[in-house]
Amino acid sequence: MPLYRDFHTVEQLDEQYNLTHTVPDFAAVATSWDTRSTLTRSRLTGRLDVRYGPTVAETVDIFPGSLDGPSDRPALLFVHGGYWMRTTSKQWSYLAEGLAPHGVTTFVENYALCPEVTVAEIVRQHRAAFAWLWAHAGELGVDRDNIVVAGHSAGGHAVAALLATDWAGQYGLPAQPFRAAVTISGIFDLRPLPYTYLAPWLQLPPSEAAALSPQLHLPAQAPPTLVAVGAGETAELRRQSRDWAAACQAAGLPMQLTELPGDHFEILDELADPAGELARAVLGFLGS
């Protein structure tokens, strides 16, 4: 009996889902995030570790857009990846470089990590971060009607969870409180993960993996959403984006699937580059 789909062994699943093994020198890639982000924080005037929730990890780093213009700027809330167990907002500051020149404020969310907390708790923190941003938009210099949410890898899962949130019933916000969404190499079906190398960190039983899988719990409504994945990613990562986008499209939701050059990590350069395809997509959604 297979563990998941046509996969019968942990080794087969790890070949698809151990993404640090899909690049020749992951250590160098991770070091580049730190180097680039340190440079960004020295270049852009930002506010770090602004609290959005009650726990120490619930913070955002804020990088205002650099153009002169109205005080209420468009904004991007970015949720980083790391399989819910690694990296913090500080590795991802460099992504603000793509939108700052266009006058867009970037919020890079931080959150607690497994196994200190559960994936379900992390999803709660994502929702709290957006609700805080929307509620405090005026004092943050943000136009609350012009916010895009985006996330990479596990952050793509976060965006799908935000899309499926009952914002009116649970938070008192408009039913559709953000302008658009972008998922980048997202994980939409968590059911294989309990059978991978991630199991000791995520401590995710199969029942909870299913309950937290956006593939099995589609949003009732959605704003325009771009589902991006790298052409150089594993077959499973490409399939995950393809299947979720197709299911949402079949449900009548405005999803667009696009495959961009690069592997699971290189694809982020399309957001960090002011002329990159993902940066331009965000600007298009914002009308910037």
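The structure under discussion appears in the preceding block.
Presented here is an overview of the structure given in this document. (Residues numbered from 1 in each chain as written. Predicted model: local features only at pLDDT ≥ 70, side-chain atom pairs only at ≥ 80, totals over all residues. Heavy atoms only, no water.)

**Some words on the overall build of the protein**
The criterion, for reference: Each helix corresponds to a stretch of at least 4 residues labelled H or I by DSSP, and each strand to a stretch of at least 2 residues labelled E; elements are numbered beginning at the N terminus. Each radius of gyration is computed over the set of C-alpha atoms, and the globule rule expresses the reference value as 2.2 Å times the number of residues to the power 0.38. Working definition: with a 1.4 Å probe on protein chains only, accessible area under 20% of the residue-type maximum means buried, over 50% means exposed, and in between means partly exposed. Contact between two residues is taken to exist if any of their heavy atoms lie within 4.5 Å; hydrogens are not considered. The accessible surface values rely on the Shrake-Rupley method and a 1.4 Å probe; as for residues, cover is taken only from the protein chains in view. Positive residues here are Lys and Arg, negative ones are Asp and Glu, while His and the chain termini are left out of the count. Working definition for charges: the position is that of NZ of Lys, CZ of Arg, CG of Asp or CD of Glu.
When helices and strands are tallied, the protein shows 10 helices and eight strands. For 288 residues, the compact-globule formula gives about 19 Å, and the C-alpha radius of gyration of the protein, at 18 Å, lands near that figure. Seen through its principal axes, the protein has C-alpha atoms that stretch 60 × 45 × 35 Å. For the protein, the proportion of its 288 residues judged to be buried stands at 57%. Pairs at least 24 residues apart make up 75% of the contacts formed inside the protein by residues separated by at least 6 positions. Entry remark: accessible area of the protein is about 11400 Å², with carbon and sulfur atoms responsible for 53%. Within the protein, one finds 18 positive and 31 negative side-chain charges whose respective centroids are separated by 4 Å.

**As for unusual backbone geometry**
Residue Pro115 is reached from Cys114 by a cis peptide bond, and omega for that bond is 0 degrees. By secondary structure assignment, the location of Pro115 is in the loop between strand S4 (105–109) and helix H3 (119–135). Unusually for a residue other than glycine, Arg5 sits at a positive phi of about 50 degrees. In this fold, Arg5 is placed in the segment before helix H1 (10–17). The partly exposed category is assigned to Arg5, whose relative accessible area is 44%. Positive phi outside glycine occurs at Thr87, with the angle close to 70 degrees. Mapped onto the elements, Thr87 comes out in the loop between strand S3 (73–79) and S4.

**As for the pairing of S3**
Heads up, the rule is: Pairing between strands requires that DSSP locate at least two bridges from one strand to the other.
With seven of seven residues buried, S3 lies mostly within the body of the structure. In the sheet, S3 pairs with strand S5 (residues 142–152) via six bridges, with the strands oriented parallel. Its bridge partner being in S5, Phe78 is matched across the sheet by Ala150. Strand direction decides the pairing type here: S3 and S4, joined by five bridges, are parallel. Bridged to Leu76 within S4 is Thr106.

**As for the packing of aromatic side chains**
Keep this limit in mind: Two rings belonging to Phe, Tyr or Trp (six-membered ring only in the last case) form a pair when the distance between their centres is within 6.5 Å. Interplanar angles under 30 degrees mark stacking, angles over 60 mark edge-to-face geometry, and anything in between is tilted. We count a charge as sitting over a ring when the NZ of a lysine or the CZ of an arginine lies within 6 Å of the ring centre and within 35 degrees of the ring normal.
Under the defined criterion, the tally for this structure stands at 11 aromatic pairs. Measuring from centroid to centroid gives 6.4 Å for Trp92 and Tyr94, while their planes differ by 35 degrees, and the two rings are tilted. When sorted by exposure, Trp92 lands in the same class as Tyr94, which is buried. Among the aromatic side chains, those forming a connected cluster through ring pairs are Phe26, Trp33, Trp92, Tyr94 and Phe265. The ring of Trp134 has Arg144 lying over it, and the distance from NZ or CZ to the ring centre is 4.1 Å.

**Overview of the side chain of Thr196**
Convention followed: Polar contact is defined as a pair of N or O atoms within 3.5 Å, subject to the rule that within protein one atom must be able to donate a hydrogen and the other to accept it, and that residues adjacent in sequence are counted only when both atoms are side-chain atoms.
Tracing the chain through its elements places Thr196 in the loop between strand S6 (180–184) and helix H6 (199–202). Among the residues examined, Thr196 registers a relative accessible area of 5% and is labelled buried. Within the local environment of Thr196, its side chain forms a polar contact with the backbone oxygen of Leu193, the two atoms lying 2.8 Å apart.

**So, helix H2 (residues 26–43)**
One full turn of an α-helix is made of 3.6 residues, so residues set three or four places apart face in the same direction. Test applied: Here the expected span of a helix is defined as 1.5 Å times the quantity of residues minus one. The directions from the helix axis to the C-beta atoms are what the arc is built from.
Taking 1.5 Å as the rise per residue, H2 with 18 residues should run 26 Å; its terminal C-alpha atoms sit 26 Å apart, in good agreement. Of the positions making up H2, those classed as buried are Phe26, Ala30, Trp33, Ser37 and Thr40. Here the buried residues of H2 occupy an arc of 85 degrees about the axis, which is enough to place them on one side. Turned more than 90 degrees away from the buried face of H2 sit Ala27, Thr35, Ser42 and Arg43, all of them exposed.

**Describing the side chain of His264**
Among the structural elements, His264 can be located in the loop between strand S8 (255–260) and helix H9 (269–272). His264 sits in the buried class, given a relative accessible area of 2%. At a separation of 2.6 Å, a polar atom in the side chain of His264 contacts the side chain of Glu233.

**Section: the pattern of salt bridges**
Rules: A pairing counts as a salt bridge when a side-chain nitrogen of Lys or Arg comes within 4 Å of a carboxyl oxygen of Asp or Glu.
This structure, assessed with the given rule, holds nine salt bridges. Across the salt bridge formed by Lys90 and Asp49, the nearest N and O atoms sit 2.6 Å from each other. Of the two residues, Lys90 is situated in the loop between S3 and S4 and Asp49 in strand S1 (residues 47–51); the sequence distance between them amounts to 41 residues. Accessibility expressed as a relative area gives 23% for Lys90, which makes it partly exposed. Relative accessible area serves as the criterion here: at 45%, Asp49 is assigned to the partly exposed category. For the salt bridge of Glu58 with Arg124, the shortest nitrogen-to-oxygen distance reads 3.2 Å. Residue Glu58 is found in the loop between S1 and strand S2 (59–63), and its partner Arg124 is found in helix H3; the two are separated by 66 residues along the sequence. For Glu58, a relative accessible area of 0% translates into the label buried.

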